[in-house]
Amino acid sequence: MPSTDFERQIEQVAHLMQNSDSILFITGAGISAESGLPTYRGISGLYNDQHTEDGVRIEEALSGSMMQTRPEITWKYMAQMEAAFRGKSYNRAHEVIALLESKFERVCVLTQNVDGFHHKAGSTNVIDIHGNMNDLLCLSCRYETSVPDYSGVEIPPICTNCGGQMRPDVVLFEEMLSTRKTTHLNQEFQKGFDMVFSVGTTSVFPYIAHPVVAAYHANIPTIEINPDRTEVSEFVHIKIAEKAVATLNAIWMYLNRSTP
Ligand code: NAD
Ligand code: ZN
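Caption draft 1: Here's a closer look at the coordination of the zinc ion (ligand 2). The coordination sphere of the zinc ion (ligand 2), as far as protein atoms go, consists of Cys138 (SG), Cys141 (SG), Cys159 (SG) and Cys162 (SG), spread over 2.3 Å. Along the chain, the residues that donate to the zinc ion (ligand 2) are spaced as C-x2-C-x17-C-x2-C. Cys138 sits in the buried class, given a relative accessible area of 0%. Its relative accessible area of 30% is what places Cys141 among the partly exposed residues.

Here you go:
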């Protein structure tokens, strides 16, 4: 018998899952926090309304217009972010989401993270809406390449094909989302979901908050896994104020206990 609130919530969520065929997981920096990656606010403490040592806010440094006018600035802070991510790997939370594909007809991951951990953990239907920092793109000839990390990469990198300027294939501030990815996302929404999870994100972007709010109003079970309150906390049926790894692992254990 469940004894704690946490155990009761896990049981409730697992029962809802047992009546579901399709699940959407929306994830943010919080799911990678237990891998040792700083969250958005954590990167070099730069996201606290302070200016960078180059005298601009981090949002300006990591913006599309800065990439066009002073790419060395954008690259400097991208490289700093990459250095903080280097050598880290996906964790049990990413792994459980990937394993859940064996239990459900359709599992889709919509992530804001640029670390590529969902792919590496084995999830096959991932929409990395902000791109992947290990993918580089030439601004002149559109040559694309992927690097395991930025060690050995000259910053800013030069295209090996044409000598042009390269950029990380990520969505910078002020930039539009990729239409290929928004189309994929819309196709997933058209198919619909039986449950929606929001894991480790503050949900400040409308395209991240909206699927949760819309599902909630349509009475589709919505679950949040986040120790803090966020933009979507009042639009979830079950709010689990715990960390991603312990929660998703407990859900996995429960599902395997009750459906051997
Ligand atoms: P955020 O940093 O704004 O918010 C992180 C959220 O995760 C917070 O609500 C926090 O309470 C929660 N959290 C922290 N530890 C957690 C844990 N162990 N389990 C569950 N939740 C936990 O992140 P965001 O909402 O994803 O927005 C950040 C933006 O920064 C995105 O655009 C993203 O592309 C970028 N970013 C990406 C990475 C990455 O790729 N790993 C890291 C930092 C920032
Ligand atoms: Zn090129």
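Caption draft 2: The arrangement of empty space enclosed by the protein in detail. Summed over all chains, the structure comprises 1 cavity of 30 Å³ or more. Along its surface, the largest cavity is lined by Thr111, Asn113, Asp115, Gly116, Phe117, His118, His119, Val126, Asp128, Gly131 and Asn132. Breaking the lining of the largest cavity down by element, the ones donating at least two residues are α7 (117-121), β3 (126-128) and β4 (131-138). A total of 3 residues in the lining of the largest cavity trace back to one element, the largest contributor, which is α7. In terms of residue class, the lining of the largest cavity is built from 2 nonpolar, 7 polar and 2 charged.

Caption draft 3: Looking closely at the pairing of strand β6 (residues 166-170). Counted residue by residue, β6 has 4 buried out of 5 residues, so it is predominantly covered. Of the strand pairs in this sheet, β4 and β6 are connected by 4 bridges, and their pairing is antiparallel. Across the sheet, residue Gly131 finds its bridge partner in β6, namely Val170.

Caption draft 4: View of the site of ligand 1. Around ligand 1 sit 28 residues in total, of which Gln112, Val114, Asp115, Thr201 and Asn226 are the nearest. Here Gln112 contributes a backbone N or O atom positioned 2.4 Å from an oxygen atom of ligand 1. Contacts to ligand 1 include Gly200, whose backbone N or O atom sits 3.2 Å from an oxygen atom. Surface burial for ligand 1 is 91%, taken as the share of its 860 Å² of free accessible area covered by protein chains. Judged by its atoms lying within 2 Å of the grid points, ligand 1 is housed in the largest pocket.

Caption draft 5: Structural view of the nonpolar core. Counting residues in hydrophobic clusters, the biggest one holds 29 residues, and the most contacted among them are Val13, Met17, Phe25, Phe197 and Leu248. For this core, the elements supplying multiple residues, two or more each, are α1 (5-18), β1 (22-27), α6 (92-99), β2 (106-111), β7 (195-199), β8 (222-225), β9 (238-240) and α10 (244-258). The dominant element in this core, judged by the number of residues it contributes, is α10, at 7 residues. Not counting residues within four places of it along the chain, the set of residues in contact with Phe197 comprises Val13, Met17, Ile23, Leu24, Phe25, Ile26, Ile223, Ile225 and Ile251. Membership of the second largest hydrophobic core comes to 25 residues, among which are Leu37, Ala61, Met66 and Val114.

About the cut-offs
Residues numbered from 1 in each chain as written. Chains lettered and ligands numbered in written order. Predicted model: local features only at pLDDT ≥ 70, side-chain atom pairs only at ≥ 80, totals over all residues. Heavy atoms only, no water. Donors = N, O, S within 2.8 Å, 3.2 Å for Na, K, Ca; no water. Buried < 20%, exposed > 50% of the residue type's maximum accessible area, 1.4 Å probe, protein only. 1 Å grid on protein atoms, 1.4 Å probe; cavity = no way out; pocket = protein on both sides within 12 Å on 5 of 7 lines; lining within 4 Å. Points joined across faces, edges and corners; volume = space filled by probe spheres on them. Helix = DSSP H or I, 4+ residues; strand = E, 2+ residues; numbered from the N terminus. Nonpolar A, V, L, I, M, F, W, Y, C, P; charged D, E, K, R; others polar. Pairing = 2+ DSSP bridges. Near = heavy atom within 4 Å. Polar contact = N/O pair within 3.5 Å; in protein donor to acceptor, adjacent residues only side chain to side chain. Areas by Shrake-Rupley, 256 points an atom, 1.4 Å probe, with all protein chains shown as cover. Sits in = over half its atoms within 2 Å of the grid points. Core = buried A, V, L, I, M, F, W, Y, C linked by side-chain atoms within 4.5 Å. Contact = heavy atoms within 4.5 Å.

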